[in-house]
Each structure stands twice: as structure tokens, then as C-alpha cells.
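Results of the structural survey
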Amino acid sequence: MAKVTDIGPPDFRTMIPPVIAKNYGKWKYHERLRPGLLKHVAESGDALYTVRAASPRLLDIGTVRDLCDLADKYCDGHLRFTSRHNIEFLLVDPDKIEPLVRDVKALGFPVGGTGRCLTNIVHTQGWLHCHTTATDGSGVVKAIMDELFDYFENEKLPAYTRIALACCGNMCGAIHCSDVAIVGTHTRPPTRIDDAHFAAWCEIPTTLASCPTGAISRHPAAKSVRIEAEKCMYCGNCFTVCPALPIADPEHDGVAIFVGGKVSNAKTRPRFSRLAIPWLPNNPPRWPEVVEAVKNIIDVYSRKARRGERMGDWIDRIGWPSFFRVTGIPFTDKHIDDFLGGLSTYRTTTQFKISQKGDHHGQSDHSRDRTENP
């Protein structure tokens, strides 16, 4: 028998509520009773209630203790955090639901985010921690959710809606399949190279290898490197391995907005988000341009889409030209994908058949691909 160590995550089966352990794999159905309240019913007739609340993701220890106190009081100590930073309290006594909701709201946490609501925004580290970020994380999210707060607490949207934010193009928050994706964007290559400290801070082989487009070359005269601006895609990978190549630019860094992505395979295929707005300025602490743009997209979607249509499904139905028209977003040359590897983004599913040249079905399928990528 292998030696027991503390390496790796603990066994989740030691931490789940007894009702889940008892009925594991034997759940019959679930209901959304109202925004922020779910009910799961097992084949045995046992019921589990879930109260969902939003969190700001970055929590101090005092707040975590307050949340744990509520879990001890109402849920026998059982709660969990979702991948989108929602807090879910798991309880079996329906008489405890309303008192729990009151206490959660008294702590300042809104209850909602289920059904046809806007769920909590998942985001990356931002200026608090990340070295390659082009915008902030929690600051932008706070400003946006202050405006869209009503969509979290009430079912006013056509379908479940996800917004996500990544602070740079590396997207460690995996936001590429969200209804609305907000991405921090560098627009200048890291040409302010610190030759004086390069040898102490960096290694030339690893710096050269860090560039996905081969834009970095040796500069023997300075015992350093140089960047070919035409090849640079502003990803910041080189700065990760070499601090002598700073990429942050307060004047030119900004925010791009993508729309129409989803992970779900329900009704229509999963899809990547597509570019809607190529650049908006960084204007902390409230980012008014970004907030206005996101709110406009969500408001138009809530009015125009049919019930059950995700953002991408709505855009597919009306067409990209109509999307730009009804949202008032200008279409520019930046929306044309001229990246060398751009052909691979034309299709993101295996749900089509390659036909021989001249086959009408094959031609129409490829033509449809092009219309999906304005």
C-alpha cells in the first residue's frame, strides 16, 4: 500500500454533505426555485437546497470566517465555491433557507446568479499580482457589476449569461468561450529593452524560445536582444522570462471586448467568442468606457434575443452585420482576422463534413464559415 502523504488535493468524498454521499449518482431532477435558490431531488426522495451568492473573489480572512460561521449555523458546515467565485451554501432543511438568505445579504453578498441571470464574473489577477497584465481584474469587474447588478438578482435575460475578464491575451482565466469576454490588450511591442541589466536578469536562449512568433533575435553588440515589431503579437511571454523586456504601457494598453462564446453543447455547438470592440482605454478607477460598452451589449441582448438564446445563438440568427447595427458598435478593419494562423479559427467543431470540390453542400458549409468570422 502506498504511503499516505499530503501531496495533492484532499479526497472530496470526506467533505461532501451526508445527503450527497448517501445519494451519490442517484439524483432524479433539479429545480430553479428562484434566482439564487436551487433544489436537487434524489431517487430516494431526499432533497438538497443550494443558496448561491456572489463574492468579490478576493476575500480577507475575516470575511471567510463570517461565511464559515453561516455555514456552521445553517448547513452543518457545508459550503463550496464555484469556478466563477460564487458561494454556495448546501442545506437540507427548507425552513433555514430564508434566515440564511437574510444573513447572507446582511453581510453584503447578493443572492442570485442562477437561471436566466447574469452569473458572477470570473477574472484573472490584474494589477494586484500579475506581471504581464494590460488592465486590472477586480477593479474592472467591480465597476461593471455595479451597473449590471440587477441582472444578477433577477431573471431579466433571455438565457444564462456569462461574462469573463482576462487581464492580457494569455487569458489564464480561460475567457475565450464566454457570452461577453473582456481582454486586456497590449498594443506596443516591448522595445524599451534594458540592455544594462539584460545579462544579469535574462538568458538569451530562453528569451528567444519564449516568443511564439520568432520576433526576438540576438543583438551581440549589446549582449542583448532586439524585437522585430512586425512579428510581435504583444503577448508578453518574453517579459515572463526576461524582466529586461517590459511590455506594460500606461498610455497604449487597453481593453478589447469579444462576444458570442459558450462552452455548453446544448442546442448549438460550443464556440469561441468573436471580436466586437478592438480597443477601449484604461481609465481607472471606474473604467467608464468599458462599463458603458458591456452594459450596452447586455441591454441590447436582453431586449432583442429570444428566450433561451445565448448571446452567440442570437448573433447567429440576426447575423453579424445586424449585431453591429443594433448595438451601435462600429465595424473596422481590426475585425478582419489577418493573423497567419487565423484559418484555424474558422471552425471550432467537428460537426461538419468536408466534401469534394463542386459539392453544393460542402461549398455552402464553407461559405457559412466565412460569414461567422466578420
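Remember, predicted model here, so these are calculated numbers, not experimental data. All residue numbers refer to positions counted from 1 along the written sequence of the respective chain. A pLDDT threshold of at least 70 governs which residues receive local features in this predicted model, and a stricter bar of 80 or more applies before side-chain atom pairs are shown or counted, although totals over entire chains, interfaces and linings include all residues. Computation of side-chain values covers all heavy atoms of the structure but excludes hydrogens and water.

Below, the discussion takes up the confidence of the model for the protein chain. With 89% of its residues at a pLDDT of 70 or more, the protein chain shows a mean pLDDT of 89. The quantity called pLDDT is the predictor's confidence in a given residue, expressed from 0 to 100. What makes two residues a contact is simply this: any of their non-hydrogen atoms within 4.5 Å. The low-confidence segment residues 358–374, where pLDDT is below 50, has 23 contacts with residues more than four positions distant or belonging to other chains.

What follows is about the pattern of salt bridges. By convention in these notes, a salt bridge is any Lys or Arg side-chain nitrogen within 4 Å of a carboxyl oxygen on Asp or Glu. Tallied over the entire structure, the rule returns 17 salt bridges. Put simply, Glu88 and Arg80 hold a salt bridge, and the shortest N to O gap is 2.9 Å. You can call Glu88 buried: its relative accessible area is 4%. By relative accessible area, Arg80 is classed as partly exposed at 40%. Through salt bridges with shared partners, one network takes in Arg52, Arg80 and Glu88. Only protein chains enter the calculation, and the probe is 1.4 Å; a residue is then buried if its accessible area is under 20% of its type maximum, exposed if over 50%, and partly exposed in between.

Looking now at unusual backbone geometry. In the segment running from Pro284 into Pro285, the intervening peptide bond is cis, with an omega of 10°. Helix and strand definitions follow DSSP, with helices as H or I runs of at least four residues and strands as E runs of at least two, each counted in order from the N terminus. Relative to the helices and strands, Pro285 resides in the loop between strand E12 (274–281) and helix H8 (288–304). Phi angles above zero are rare outside glycine, and Arg57 is one such case at about 80°. Tracing the chain through its elements places Arg57 in the loop between strand E3 (47–54) and helix H2 (61–74).

Right, let's get into the packing of H2 against helix H3 (residues 97–106). Contact geometry for H2 and H3: axes closest at 11 Å, N-to-C directions at 170°. The pairing of H2 with H3 is recorded here as roughly antiparallel in orientation. Every residue of H3 that contacts H2 at Leu70, Lys73 and Tyr74 is listed here: Pro99, Leu100, Asp103 and Val104. Considering only residue class, the contact of H2 with H3 consists of 5 nonpolar, no polar and 2 charged. Note on method: axes are straight lines fitted to C-alpha atoms, helices fitted across the in-contact stretch only, with angles between N-to-C directions ranging 0 to 180 degrees. Relative orientations are named as follows: roughly parallel for angles under 35 degrees, roughly antiparallel for angles over 145 degrees, roughly perpendicular for angles from 65 to 115 degrees, and oblique for any other angle. In this count, Pro and Cys sit with the nonpolar residues alongside Ala, Val, Leu, Ile, Met, Phe, Trp and Tyr, while Asp, Glu, Lys and Arg are called charged and the others, Gly among them, polar.

A few words now on helix H4 (residues 138–153). One fitted axis covers the seven residues ending at a residue, a second covers the seven starting there, and the bend at that residue is the angle between these axes. A maximum bend of about 65° is found in H4 at Glu147. Lining the buried residues of H4 we find E3, strand E5 (86–91), strand E6 (122–123), strand E7 (163–166), strand E8 (180–185) and H8.

Before going further, it helps to spend a moment on a negative patch on the surface. Residues Asp60, Asp66, Asp69, Asp72 and Asp76 make up a contiguous surface patch of negative charge. When you line up the elements, Asp72 lands in helix H2. Exposure above 30% relative accessible area and the absence of a salt bridge qualify a residue for a patch, where like charges join within 9 Å and nonpolar side chains (Val, Leu, Ile, Met, Phe, Trp, Tyr) within 5 Å. All accessibility values rest on the Shrake-Rupley procedure with a 1.4 Å probe; residue burial counts only the protein chains present in the view. His is not counted, nor are the chain ends, whereas Lys and Arg count as positive and Asp and Glu as negative. Here the site of a charge means atom NZ of a Lys, CZ of an Arg, CG of an Asp or CD of a Glu.

The next subject is the pairing of strand E10 (residues 224–227). If DSSP finds at least two bridges between two strands, the strands pair. As paired elements, strand E9 (residues 216–219) and E10 share 4 bridges and run antiparallel to each other. Within the sheet, the bridge partner assigned to Ser217 lies in E10 and is Arg226. Here E9 folds back onto E10, and the loop between the two strands holds 4 residues, one of which, Lys223, carries a positive phi near 50°.

Across the sheet, 5 strands lie side by side as E6-E7-E8-E11-E12; this open sheet has mixed pairing. Of all strands in the sheet, those with a lone pairing partner are E6 and E12, marking the two edges. Pairing of E8 with strand E11 (residues 254–259) involves 6 bridges; the strand directions are antiparallel. When the sheet's bridge partners are listed, Ala181 is paired in E11 with Phe258. Lying over the sheet, helix H10 (residues 320–327) contacts E11 and E12, oriented at roughly 35° with respect to E12.

Read from one edge of the open sheet, 5 strands run E1-E2-E3-E5-E4, paired in antiparallel fashion. At either end of the open sheet lies a strand with only one pairing partner, and these are strand E1 (27–34) and strand E4 (79–81). Within this sheet the neighbouring strands show an average axis-to-axis angle of 20°, counted without direction. The strands that H2 touches are E4 and E5; relative to E5, the one it contacts most, it runs at about 20°.

Counted residue by residue, E11 has 5 buried out of 6 residues, so it is predominantly covered. With 5 bridges connecting them, E11 and E12 associate as antiparallel partners. Bridging from a neighbouring strand, Gly254 pairs with Pro281 of E12.

What follows covers the state of the cysteines. In a disulfide, the sulfur atoms of two cysteines are covalently bonded to one another. In this description, the term disulfide denotes a pair of cysteine sulfurs within 2.5 Å. In this structure the tally under the stated criterion is 1 disulfide. Across the disulfide, Cys202 is cross-linked to Cys242 (sulfur-sulfur distance 2.0 Å). The chirality of the disulfide connecting Cys202 with Cys242 is right-handed, given an S-S dihedral of about 80°. A residue pair is termed long-range when its members are at least 10 positions apart, and Cys202 in the loop between helix H5 (195–201) and helix H6 (204–209) and Cys242 in the loop between helix H7 (237–241) and E11 qualify at 40 residues. A disulfide-free cysteine, Cys232 has its sulfur positioned 6.5 Å from the sulfur of Cys238, the nearest such atom. Free cysteine Cys238: the closest other cysteine sulfur is in Cys235, separated by 6.3 Å. Residue Cys238 is classed as buried on the basis of its relative accessible area of 8%.

With that out of the way, let us pick up the packing of aromatic side chains. Here the aromatic set is Phe, Tyr and Trp, taking the six-membered ring for Trp, and pairing holds for ring centres within 6.5 Å; pairs whose planes are under 30 degrees apart are stacked, those over 60 apart are edge-to-face, and all others are tilted. Tallying each qualifying case throughout the model produces 8 aromatic pairs. Measuring from ring centre to ring centre gives 5.8 Å for Trp127 and Trp287, while their planes differ by 40°; the resulting arrangement is tilted. On the criterion of sequence distance, the pair formed by Trp127 in the loop between E6 and H4 and Trp287 in the loop between E12 and H8 is long-range, its members being 160 residues apart. For Trp287, a relative accessible area of 2% corresponds to the buried category. Ring centres of Trp314 and Phe323 lie 5.9 Å apart, and the angle between their planes is 75°; on these two criteria the pair is classed as edge-to-face. For the pair shown, Trp314 and Phe323 are each scored as buried. Joined through ring pairs, the aromatic side chains of Tyr301, Trp314, Trp320, Phe323, Phe324 and Phe331 make up one cluster.

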